[in-house]
Amino acid sequence: MTEAILLVGGKGTRLRPLTVHTPKPMVRAAGVPFLTHQLARARAAGVDHIVLATSYLAEVFEPHFGDGSSLGLHLEYVTEEEPLGTGGAIRNVAARLHSAPDDPVLVFNGDILTGLDIGALVRTHEETRADVSLHLTKVTDPRAYGLVPTDDTGRVLAFLEKPQTPEEIVTDQINAGAYVFRRSVIDTIPQGRPVSVERETFPELLAAGAHLQGMVDSTYWLDLGTPAAFVRGSADLVLGRAPSPAVPGRCGDRLILPTARVAADAKLTGGTVVGEGAYVAEGARVSGSTILPGAVIEPGAVITDSLIGTRARVGERSVLTGTVIGDGAIIGPDNELLDGMRIWCDARIPAGAVRFSSDQ
């Protein structure tokens, strides 16, 4: 097992404003770009060559990771001129692979945080002699996902798009976004046009009699597609609930990066991260949140399950819960921003301008 493809081309529209200036895989989780965690876990599983399929803000990746040698990897970058979907992106980087036709090639979606046993997925693929093997996970409510029923041996029976009625929910197994392809199968994906592996490649392979194998792995799994999920994933990495060899410090209730400053009486809990150059002032309380580099949390602010963008500022006594503050935004004192609020980059909110409760 030596090669992998990482799909990192998405625009991350559900994560805006976090992704206005930063591609989704480069948003910081537990103090480092999220992609760092995926690369480190792949390296720990024995992968040494990874091709990054880039598109949106593609120019950001290589200056940060270079050739990958600092991570013990050989990294290459292929940029899509037009978005090609998951299947199209895989096919677009095929020329950079070195594997023989029957060799396994790992493929990862760039927005999944998981404790998947990568080696076990590859062993399942090789032992069953599958054409494609899929990581499956079980979820309580599968309505938002594509269902993947399997037989008693784990062989995939069908791909069912998001079910709309109870009768359509025939399994709680979903596609978890990690695959092992037989190298030759990648060459059968149409080239030069958008292709979805979920809606086109996998169903067509199944219809043609190919062997698609599912492996259910019920370790930690989280789709980081929404701000709330991203904040939770970062906190879980800091708390040690989600495994990663790339967390830059010991797991615990908080992670304070070098050059960050935190007042002695500020309280940080729940897997909070304070990025480089950020400042948390006296009396502030921050729980389960990410404070990105250069941000300022003023005295007495209370921040819960939120993400504060690079160089943003939260004013005195402001209360933020489940909120995303874009890069460079300024929240004046005595504001109250609650669940689901997104403040765009460089926005300015005057003192006491937004409240959900009375001012008494």
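Residues numbered from 1 in each chain as written. Predicted model: local features only at pLDDT ≥ 70, side-chain atom pairs only at ≥ 80, totals over all residues. Heavy atoms only, no water.

Asks: I'd love a proper account of helix 6 (residues 197-207), names of residues and values included.
Replies: For helix 6, the full list of buried residues reads Val197, Glu200, Thr201, Phe202 and Leu205. The buried residues of helix 6 occupy one face: seen down the axis, they fall within an arc of 165 degrees. The exposed set on the far side of helix 6, more than 90 degrees from its buried face, consists of Arg199 and Ala207. Buried positions along helix 6 lie against helix 3 (85-92), strand 8 (132-138), strand 9 (173-182), helix 5 (183-186) and strand 10 (212-216). (Buried < 20%, exposed > 50% of the residue type's maximum accessible area, 1.4 Å probe, protein only. Helix = DSSP H or I, 4+ residues; strand = E, 2+ residues; numbered from the N terminus. Arc of directions from axis to C-beta. Contact = heavy atoms within 4.5 Å.)

Asks: Help me get a handle on the UniProt feature "domain: Nucleotidyl transferase" (unreviewed entry) in the protein, residues and values and all.
Replies: Per the UniProt entry, the sites bearing "domain: Nucleotidyl transferase" (unreviewed entry) are residues 4-236 in this numbering. End C-alpha to end C-alpha, residues 4-236 measures 25 Å, and it is 26% helix and 23% strand. (UniProt positions renumbered as here; feature names shortened; annotations may be inferred.)

Asks: Report on helix 3, specifying residues and quantitative values.
Replies: Most of helix 3 sits inside the fold, with six of its eight residues counted as buried. Within helix 3 the residues assigned to the buried category are Thr86, Gly87, Gly88, Ala89, Ile90 and Arg91. Lining the buried residues of helix 3 we find strand 1 (3-7), strand 4 (49-54), strand 6 (104-109), strand 9, helix 5 and helix 6.

Asks: Tell me about the sheet that holds strand 6, and please be specific about residues and values.
Replies: On the basis of which strands lie adjacent, the open sheet formed by seven strands has the order 5-4-1-6-9-8-10 and mixed pairing. Of all the strands in the sheet, the pair left with one neighbour each is strand 5 (74-79) and strand 10. Along the sheet, successive strands turn relative to each other by an average axial angle of 25 degrees, direction set aside. Its contacts with the sheet place helix 3 against strand 1, strand 4, strand 5, strand 6 and strand 9, and it is angled at close to 140 degrees to strand 1. (Pairing = 2+ DSSP bridges. Axes fitted to C-alpha atoms, helices over the stretch in contact; angles between N-to-C directions.)

Asks: Requested: an account of the pairing of strand 8, with residues and values cited.
Replies: For strand 8, the tally of buried residues reaches six of seven residues, placing the bulk of the element in the interior. Summarising the sheet, strand 8 and strand 9 pair through six bridges and their orientation is antiparallel. Looking at strand 9, one finds that Leu134 is bridged to Tyr179. Of the pairings in the sheet, the one linking strand 8 to strand 10 comprises five bridges and is parallel in character. Bridging across to strand 10, Val132 finds its partner in Leu212.

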